[in-house]
Amino acid sequence: QVQLVESGGGLVQAGGSLRLSCAASGRTFGSYVMGWVRQAPGKEREFVAQISRRAIHTDYVDSVKGRFTISRDNANTIYLQMNGLKPEDTAVYYCGATARQWSDSRGEYEYWGQGTQVTVSS
């Protein structure tokens, strides 16, 4: 079992930055592919980014490439650095974890955090 707790959301003006954090419990943190998914009001959940177990591989949805950076440390935490934020980035951001293989895991997570709200004003 993995428990995930997100933090770092908030209100920011367009062009600004935020950094989301996701702290994972358990001693097997390195066994999971981890990532971020977001859901805007009235829209389906959308994959944002994920990072492999040893942080060798990353994957991003096209709309955030060059603006968002996902990373992970050795202290059971992953991060999503979001720069150049746009109003269309407004959503609840969820952290997820999966034991799936990298190729099968894009946004498909077994474990989820509670979500953190990101609001970008124009």
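Residues numbered from 1 in each chain as written. Predicted model: local features only at pLDDT ≥ 70, side-chain atom pairs only at ≥ 80, totals over all residues. Heavy atoms only, no water.

S.K.: Just to check I follow, could you spell out the nonpolar core for this structure?
M.R.: A general tendency of soluble globular proteins is for nonpolar side chains to be buried together. Membership of the largest hydrophobic core comes to 32 residues, with the highest contact counts inside it found for Met34, Trp36, Leu80, Met82 and Tyr93. Put simply, the parts of the chain that give this core at least two residues each are β3 (18-24), β4 (33-39), β5 (46-51), β7 (68-72), β8 (77-82), β9 (91-98) and β11 (116-121). (Core = buried A, V, L, I, M, F, W, Y, C linked by side-chain atoms within 4.5 Å. Buried < 20%, exposed > 50% of the residue type's maximum accessible area, 1.4 Å probe, protein only. Helix = DSSP H or I, 4+ residues; strand = E, 2+ residues; numbered from the N terminus.)

S.K.: Would you explain the environment of isoleucine 51 in this entry?
M.R.: Tracing the sequence through the fold places isoleucine 51 in strand β5. Given a relative accessible area of 2%, isoleucine 51 falls into the buried group. When the C-alpha atoms of isoleucine 51 and tryptophan 102 are compared, they prove to be 8.8 Å apart, with 51 residues separating the residues in sequence. Non-local contacts of isoleucine 51, meaning those with residues more than four positions away in its chain, are made with Val33, Met34, His57, Thr58, Ile70, Ser71, Arg72 and Trp102. (Contact = heavy atoms within 4.5 Å.)

S.K.: What is the right way to look at the packing of aromatic side chains in this model?
M.R.: Considering all chains together, one arrives at 2 aromatic pairs under this definition. Centroid distance tyrosine 32 to tyrosine 111: 5.8 Å. Interplanar angle 90 degrees. Geometry classified as edge-to-face. Residue tyrosine 32 is located in the loop between β3 and β4, and its partner tyrosine 111 is located in strand β10 (residues 111-112); the two are separated by 79 residues in the primary sequence. Note that arginine 45 overlies the ring of tyrosine 94, its terminal NZ or CZ placed 4.2 Å from the centroid. (Phe/Tyr/Trp six-rings, centres within 6.5 Å; stacked < 30°, edge-to-face > 60°. Lys NZ or Arg CZ within 6 Å of the ring centre and 35° of its normal.)

S.K.: Can you walk me through the sheet that holds β8 in this structure?
M.R.: Here 4 strands make up an open sheet; going across it, the order is β1-β3-β8-β7 and the pairing antiparallel. Sheet topology places β1 (4-7) and β7 at the edges, where each strand pairs with a single neighbour. Between one strand and the next, the sheet's axes are offset by a mean angle of 15 degrees, whatever the strand orientation. Direction of pairing for β7 relative to β8: antiparallel, over a ladder of 5 bridges. Across the sheet, residue phenylalanine 68 finds its bridge partner in β8, namely methionine 82. (Pairing = 2+ DSSP bridges. Axes fitted to C-alpha atoms, helices over the stretch in contact; angles between N-to-C directions.)

S.K.: I tried to follow the pattern of salt bridges on my own but got confused; where do I start?
M.R.: Any two side chains of opposite charge can pair if their charged atoms end up close together. One pass over the structure, following the stated rule, counts 6 salt bridges. Arginine 38 serves as the salt-bridge partner of aspartate 89, at 2.9 Å between the closest nitrogen and oxygen. With aspartate 89 in the loop between β8 and β9 and arginine 38 in strand β4, this pair connects stretches of sequence that are 51 residues apart. A single burial state applies to aspartate 89 and to arginine 38, both of which are buried. A salt bridge links aspartate 62 to lysine 65; the nearest nitrogen and oxygen atoms lie 3.0 Å apart. (Salt bridge = Lys/Arg side-chain N within 4 Å of Asp/Glu carboxyl O.)

S.K.: Which parts of the structure should I look at to understand the side chain of aspartate 89?
M.R.: Among the residues examined, aspartate 89 registers a relative accessible area of 1% and is labelled buried. A polar contact is formed between the side chain of aspartate 89 and the backbone nitrogen of lysine 86, at a distance of 2.8 Å. If we ignore the near neighbours within four places in the chain, the residues touching aspartate 89 are Arg38, Arg67, Phe68, Gly84, Val118 and Val120. (Polar contact = N/O pair within 3.5 Å; in protein donor to acceptor, adjacent residues only side chain to side chain.)

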